[in-house]
Amino acid sequence: MSSVQKRKLSGAKFRNLAKQKKEKINDCISSCKKLDNYFKVKEETAAVPNSDPAKWKIDSKCIDYFILNQPIHNVNKINFNKTGRKCGKYFRKLPRSIFTRTLHNGQTTNREWLLYSSSVNALFCFQCLLFSNRKSSLGNLKYGLKNWGKCEEKVKCHEEGQVHGESIRIWFSRTQNSGNSIDKVLNEEIKSKLDYWTNVLHRVIATITFLAERGLPFRGKNNEFGSVHNGNYMGSLELIAKFDPFLSGHISKYEIIEAKYFSIIVDSTPDISKQDQLTVVIRYIKPNGNSEERFLTFLSAVEHKGEQMEEALIDKFKELDIDIKNCRGQAYDNASNMSGKYNGLQARSTCIM
């Protein structure tokens, strides 16, 4: 084989490899964009029930949502002229007055439990839809109250009935206990974790897409934050973190967790509005043996006593899932509320480490 043929063959191999690499990069970009769009669509289509009660799907998620977010029915949005229908011999419209009731003392109050569905032109009882096993017309998604003949009497009869009263009792019990229920606490914790990692993933996907579109290499000589040899991927994340408090906190948090042991540097200083802010800096040892100092957070509106500053500091560490017991050193200024021997922040924090 001649040298010209060899050069042609090597050139063809190079073009083929370049083509394969480009296809892989395009696949990577496409996958990242699809994943990013998936999370955006998922956020936009969160499980928020329709404002029309006839379109609700009554399940545990729907009930949990309404326990925290009672529907507010705006009567002014109802077009009462379009509610007319033939009821027996007469053509009747839904009366506006049905959404209020007059108490024994003459006071008028809104029937917050009564909802109107424009899609089926019917009335429903909010609490009975969610909790009643003995379905009345107002508590049944298939029917609802559609006959406007003597409808005010029917609504009053339902309101004073045993079925409605039991539904109200369950509703009141669930809403009163919702703040302490195990399900609610677990769901909030799960949602918080999902939101946190979704935010992390958005930034990671954006960085990967940016590098892949430009055909830039990802890796460097090491995988250490703070190193000038950590490559384009980690370097880009570090650059974003300088202007993104969320990503900065995430990187600091997981570097600290990896290092395990750390010391804290805390100082109080007023900002331009003369409001004191507690500045918290973390110092730890990286895997290569070098020490690293990272700004962790500002704690605003913290009172000047050692006790209040201790509570604010511990609460922040709990929020970041950083175990304060792994703190091996503290550095403060000379103010008594900071480094005081008995009641300063340093003395109080030492007791819990």
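Residues numbered from 1 in each chain as written. Predicted model: local features only at pLDDT ≥ 70, side-chain atom pairs only at ≥ 80, totals over all residues. Heavy atoms only, no water.

Draft legend 1. Representation of helix α7 (residues 231–243) in the model. Here α7 contains 13 residues, and its C-alpha end-to-end distance of 19 Å stays within 8% of the 18 Å for a straight helix at 1.5 Å per residue. Every buried residue of α7 is listed here: Met234, Ser236, Leu237, Glu238 and Ala241. (Helix = DSSP H or I, 4+ residues; strand = E, 2+ residues; numbered from the N terminus. Expected span 1.5 Å × (residues − 1). Buried < 20%, exposed > 50% of the residue type's maximum accessible area, 1.4 Å probe, protein only.)

Draft legend 2. Looking closely at the packing of aromatic side chains. Scanning all chains against the criterion turns up 10 aromatic pairs. Between tryptophan 56 and phenylalanine 66, the ring centres sit 4.4 Å apart and the planes meet at 40°, which makes this aromatic pair tilted. Highlighted residues: tryptophan 56 in the loop between α1 (3–44) and α2 (60–68) and phenylalanine 66 in helix α2, separated in sequence by 10 residues. Each residue in the set Trp56, Tyr65, Phe66, Phe126 and Trp171 is aromatic and connected to the rest through ring pairs, giving one cluster. (Phe/Tyr/Trp six-rings, centres within 6.5 Å; stacked < 30°, edge-to-face > 60°.)

Draft legend 3. Seen up close, the pairing of strand β7 (residues 262–270). Strand direction decides the pairing type here: β7 and strand β8 (residues 276–285), joined by 9 bridges, are antiparallel. Within β8, the position partnered with aspartate 267 by the bridge is threonine 279. One ladder, built from 4 bridges, connects β7 with strand β10 (residues 327–331); its direction is parallel. What sits directly across from phenylalanine 262, in β10, is cysteine 327. (Pairing = 2+ DSSP bridges.)

Draft legend 4. Focus on the packing of α7 against helix α8 (residues 245–259). Their axes nearest at 6 Å, the elements α7 and α8 cross at an angle of 120°. One element, α7, and the other, α8, form an angle in the oblique class. As for the relative orientation of α7 and α8, their crossing is left-handed in sense. When α7 is examined against α8, the residues Leu237, Ile240, Ala241 and Phe243 are found in contact with a partner set consisting of Pro245, Leu247, Ser248 and Ile251. The class makeup of the residues in the contact of α7 with α8 is 7 nonpolar, 1 polar and no charged. (Axes fitted to C-alpha atoms, helices over the stretch in contact; angles between N-to-C directions. Parallel < 35°, antiparallel > 145°, perpendicular 65-115°, else oblique. Left-handed = near helix turned anticlockwise from the far one by under 90°. Contact = heavy atoms within 4.5 Å. Nonpolar A, V, L, I, M, F, W, Y, C, P; charged D, E, K, R; others polar.)

Draft legend 5. The arrangement of the environment of asparagine 147 in detail. Tracing the sequence through the fold places asparagine 147 in the loop between α3 (126–131) and α4 (151–159). Classification of asparagine 147 as partly exposed rests on a relative accessible area of 38%. With 26 residues separating them in the primary sequence, asparagine 147 and asparagine 121 have C-alpha atoms 9.8 Å apart. Setting aside residues no more than four positions away along its own chain, asparagine 147 makes contact with Cys87 and Lys154.

Draft legend 6. Layout of the environment of isoleucine 205. Counting through the fold element by element, isoleucine 205 comes out in helix α6 (residues 182–213). When the C-alpha positions of isoleucine 205 and serine 31 are compared, they lie 9.4 Å apart, and in sequence the two are 174 residues distant.

From the geometry alone we can't say anything about function, so treat these as descriptive.
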